[in-house]
Amino acid sequence: MPVSSFQNDLINLPSLLDAIQQLALTHIQNLSTIHISPKTSNIPSANLPEMGQGATFPLHWFTEHYQALMTASAGPRYLGFVTGGTTPAALAGDWLVSAFDQNTQSITPGSGDCSALLEQEAIRLLTQLLNLPDAFMGGFVTGATMSNFTGLAVARQWFGAEYGLDIATEGLRQDVPVLSATPHSSAVKALAMLGIGRNSLRFVPTLPNREAIDPAELELAIEELKGEPFILISSGGTVDTVDFDDMAFIGDLKKRYRFWWHVDAAFGGFAACSPAYAHLLNGWELADSITIDGHKWLNVPYDSAVILTRTEHAHLQRDTFKNANAPYLGDPLQNFSYLNFVPENSRRFRALPAWFTLMAYGRDGYRALVENSITRAQQLGRLLDESAVFSLAAPVRLNVVCFTLKAGQTNDINTRLNDILTHLKQRGRVFLTPTAYKGIPCLRAAFVNWQTTDADVQIVVDELLTAWQAVQPVDQ
Ligand SMILES: *Cc1c(COP(=O)(O)O)cnc(C)c1O
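Remember, predicted model here, so these are calculated numbers, not experimental data.

Here we come to the pairing of strand 1 (residues 136-141). Summarising burial for strand 1: 6 of the 6 residues are buried, a large majority. Here strand 1 runs beside strand 7 (residues 305-310); their pairing, made up of 6 bridges, is antiparallel. For Met 137, the partnering residue across the bridge sits in strand 7 and is Thr 309.

In structure tokens form, the structure reads like this:
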């Protein structure tokens, strides 16, 4: 019988891992010169091998056909969406996740392993970094979308309990009022997935020329509910202008009204790392649930976010997510297990990259990372505003620059900005994404990557001005 390709790969594992390390290093060390946006919309395809030859076959196929198509999305000038990078320590932790492949559900000796305990350790380090009290417990989910989903699912359970109902058991039979000013699209998606429905959202006006909720309007909207319980979704950093709802004011409202307070602080929560900006979050420690994204400002690889909930709500969370009637998985009421607290049953060991990077860089490291991003955003904002072409659509409040064309430059801003983006994509040195702010087409640059320097910002400005020149209509 021939040696199977599995056995062969095991024997050759050292050289396979060496090759992988070389490949990874080549990519990471060249991040600042690799083309930054996708160059093609189709890729060569292969058929399933009838006779598997082991890992060197896909490795060669990948390096030959796909490696050059990989973008520098983890690099310093990828400023689209809100995309972090991967710190060296996070990469180390992430590789070990696959090597150890733990069963992360249970902390009960005999039915799980220590990874769930380590997850709780990582959560504790994170809440220390964010200066949150011990009142919060947490778990890892795939991203902030699922974190919003999880927090709002527990909110839904709380809402039912206010009426003596167990919604997780009985189903949702009444309207759930949800108030918010500028919710992230994923929070709205979560309402859809939870059966609460997108239309349950009652939009509260923002302050003038802001994305933050108008406190007086919020109180009016609450008064209109006449004592009915409701859910409030607050922004701890909006994606376009990183505006924050007044957390101290809302924390105060908690004393007078019955509501579940969910704070979506996916990336804005990291303002807590900088003493100069931490005040933006004053009061969020009174929230019922908080969304924090790992693959943004924490700079761990994709597939990582945290849902924080107050420990006093643990029973509501377990009632929502308990995985009951499966004797082989144990009694959900007896022992703590993540499978009864988050949407997924089986999960990868997401806590490990986060634990690695938090332990590696600590409070001062994350303060430096966060403050560097803020400084870079301010630098870009200043340079664009001083240019003859661009102007800020909103002040740079934290780490995102939202900008448009100066008045009088064109009568079709949308087309021109899209032309600029197309040009930037062709050149492949800078990645920005489009948005609209208060009805005006804009571009945005979000700084969260640990590697971005002032020289990168200068390149961004040069590329933007070059692109602007290139997209001028030919003179008549
Ligand atoms: C990015 C983001 C989300 C969604 O996060 P994913 O990780 O993409 O699921 C939600 N809320 C805010 C404020 C965000 O910035």
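Before going further, it helps to examine unusual backbone geometry. For Asn 299, which is not glycine, the phi torsion reads 60° and is therefore positive. Residue placement: Asn 299 occurs in the loop between strand 6 (289-293) and strand 7. Residue Asn 299 is classed as buried on the basis of its relative accessible area of 0%.

Contacts to the ligand come from 14 residues, most closely from Thr 145, Asp 264, Asp 293, His 295 and Lys 296. Here a nitrogen atom of the ligand sits 3.5 Å away from a polar atom, N or O, in the side chain of His 184. Isolated, the ligand exposes 380 Å² of accessible area, and the fraction of that covered by the protein chains is 83%. Per-element accounting of the shell around the ligand gives the leading share, 3 residues, to helix 6 (residues 144-162).

For the rest of this paragraph, the subject is the UniProt feature "modified residue: N6-(pyridoxal phosphate)lysine" (unreviewed entry) in the protein chain. The sites that UniProt annotates as "modified residue: N6-(pyridoxal phosphate)lysine" (unreviewed entry) are Lys 296. When residues no more than four places from it in sequence are discounted, the contact partners of Lys 296 are Val 82, Gly 84, Ala 266, Phe 267 and Val 448.

The next subject is the domain arrangement of the protein chain. One can read the domain layout of the protein chain as domain 1 (3-72) and domain 2 (103-357). Spacing between the C-alpha centres of domain 1 and domain 2 amounts to 38 Å.

On the surface, a nonpolar cluster with roughly 280 Å² of combined accessible area is contributed by Leu 10, Leu 13 and Leu 17. Assignment of secondary structure puts Leu 13 in helix 2 (residues 13-29). The class for Leu 13 is partly exposed, based on a relative accessible area of 33%.

With that settled, consider the layout of surface pockets. Space inside the largest pocket adds up to approximately 860 Å³. For the lining of the largest pocket, the secondary-structure elements that each account for two or more residues are helix 2 and helix 4 (88-100). Of all the elements, helix 2 adds the most residues to the lining of the largest pocket, at 8 residues. Looking at the lining of the largest pocket residue by residue, the classes come out as 18 nonpolar, 14 polar and 1 charged. When residues of the lining of the largest pocket are sorted by domain, at least three fall in each of domain 1 (3-72) and domain 2 (103-357). Contributing to the lining of the second largest pocket are 22 residues, with His 184, Ser 185, Ser 186, Val 239 and Asp 264 lying nearest its centre. At the level of elements, helix 6 and helix 8 (185-193) are the ones that each hand at least two residues to the lining of the second largest pocket. Residues belonging to the lining of the second largest pocket are distributed by class as follows: 5 nonpolar, 12 polar and 5 charged.

Cut-off values and rules
Residues numbered from 1 in each chain as written. Predicted model: local features only at pLDDT ≥ 70, side-chain atom pairs only at ≥ 80, totals over all residues. Heavy atoms only, no water. Buried < 20%, exposed > 50% of the residue type's maximum accessible area, 1.4 Å probe, protein only. Helix = DSSP H or I, 4+ residues; strand = E, 2+ residues; numbered from the N terminus. Pairing = 2+ DSSP bridges. Near = heavy atom within 4 Å. Polar contact = N/O pair within 3.5 Å; in protein donor to acceptor, adjacent residues only side chain to side chain. Areas by Shrake-Rupley, 256 points an atom, 1.4 Å probe, with all protein chains shown as cover. UniProt positions renumbered as here; feature names shortened; annotations may be inferred. Contact = heavy atoms within 4.5 Å. Domains from an automatic or database assignment. Patch = residues over 30% accessible without salt bridge, like charges linked within 9 Å, V, L, I, M, F, W, Y side chains within 5 Å. Salt bridge = Lys/Arg side-chain N within 4 Å of Asp/Glu carboxyl O. 1 Å grid on protein atoms, 1.4 Å probe; cavity = no way out; pocket = protein on both sides within 12 Å on 5 of 7 lines; lining within 4 Å. Points joined across faces, edges and corners; volume = space filled by probe spheres on them. Nonpolar A, V, L, I, M, F, W, Y, C, P; charged D, E, K, R; others polar.

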